[in-house]
Structures are given as C-alpha cells and as structure tokens.
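Chain by chain, the residues run as shown.
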Amino acid sequence: MKDRGIRKLFAVLAGLAVIYFGTTGRSPEEGSGLSGGLVVLALLASLLVWHLTKPGGDAAK
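Residues numbered from 1 in each chain as written. Predicted model: local features only at pLDDT ≥ 70, side-chain atom pairs only at ≥ 80, totals over all residues. Heavy atoms only, no water.

Draft legend 1. View of the environment of Leu-52. As for its position among the elements, Leu-52 is in helix α2 (residues 36-52). Looking at Leu-52, the relative accessible area reads 62%, which means it is exposed. Along the backbone, Leu-52 and Ala-11 are 41 residues apart, and their C-alpha atoms lie at a distance of 9.9 Å. (Helix = DSSP H or I, 4+ residues; strand = E, 2+ residues; numbered from the N terminus. Buried < 20%, exposed > 50% of the residue type's maximum accessible area, 1.4 Å probe, protein only.)

And the structure:
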C-alpha cells in the first residue's frame with residue numbers, strides 16, 4: 001500500500017513539474033495561462049510516471 005502512495009506522489013509531482021516549466025518558459029507577449037496542450041502534456045507525463053514506477057511481480061526471484 002505504501003508503494004501506491006509513493007507512485008501517486010511521483011505522478012502528481014511530474015504533472016506539476018510539466019505545468020510549472022511550461023508556464024515559466026513563456027514570453028510576456030504570450031500571456032501566462034494554461035493551454036489545453038499543456039494540460040494534456042502534464043497528464044501524459046503523470047501517466048508515464050505512474051506506468052514506469054509500477055512494481056514488478058518477479059523482481060525478487
């Protein structure tokens with residue numbers, strides 16, 4: 001159960017990192033807001049981290 005909490009934390013942090021770096025890299029002319037593409041990219045990053053941190057079944061053998 002502890003693994004699931006850590007996986008969730010890493011997934012949320014990955015999504016927040018994408019949103020943070022996606023909004024701070026914009027020029028003032030573009031405005032400061034979340035675009036739909038950035039939200040989708042953050043969601044995909046979170047899902048990728050969730051998938052990559054999945055514990056393996058036969059790791060101890």
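Picking up after the structure, the text goes on.
Draft legend 2. Local environment of α2. For α2, with 17 residues, the first-to-last C-alpha span of 24 Å sits near the 24 Å given by 1.5 Å per residue. Those residues of α2 not exposed but buried are Leu-38, Ala-42, Ala-45 and Ser-46. Looking down the long axis of α2, one finds its buried residues gathered within 100° of arc, a one-sided arrangement. Of the exposed residues in α2, the ones pointing more than 90 degrees away from its buried face are Gly-36, Leu-43 and Leu-44. (Expected span 1.5 Å × (residues − 1). Arc of directions from axis to C-beta.)

Draft legend 3. Spotlight on the environment of Phe-10. For Phe-10, the location among the structural elements is in helix α1 (residues 2-24). Distance from Phe-10 to Trp-50, taken between C-alpha atoms, is 7.6 Å for residues 40 residues apart in sequence. Every residue in contact with Phe-10, bar those within four places of it in the chain, is listed here: Val-49 and Thr-53. (Contact = heavy atoms within 4.5 Å.)

Draft legend 4. Region of the structure containing the UniProt feature "transmembrane region" (unreviewed entry) in the chain. Sites flagged by UniProt as "transmembrane region" (unreviewed entry) map to residues 34-53. Across residues 34-53, the secondary structure splits into 85% helix and 0% strand, with the terminal C-alpha atoms separated by 27 Å. (UniProt positions renumbered as here; feature names shortened; annotations may be inferred.)

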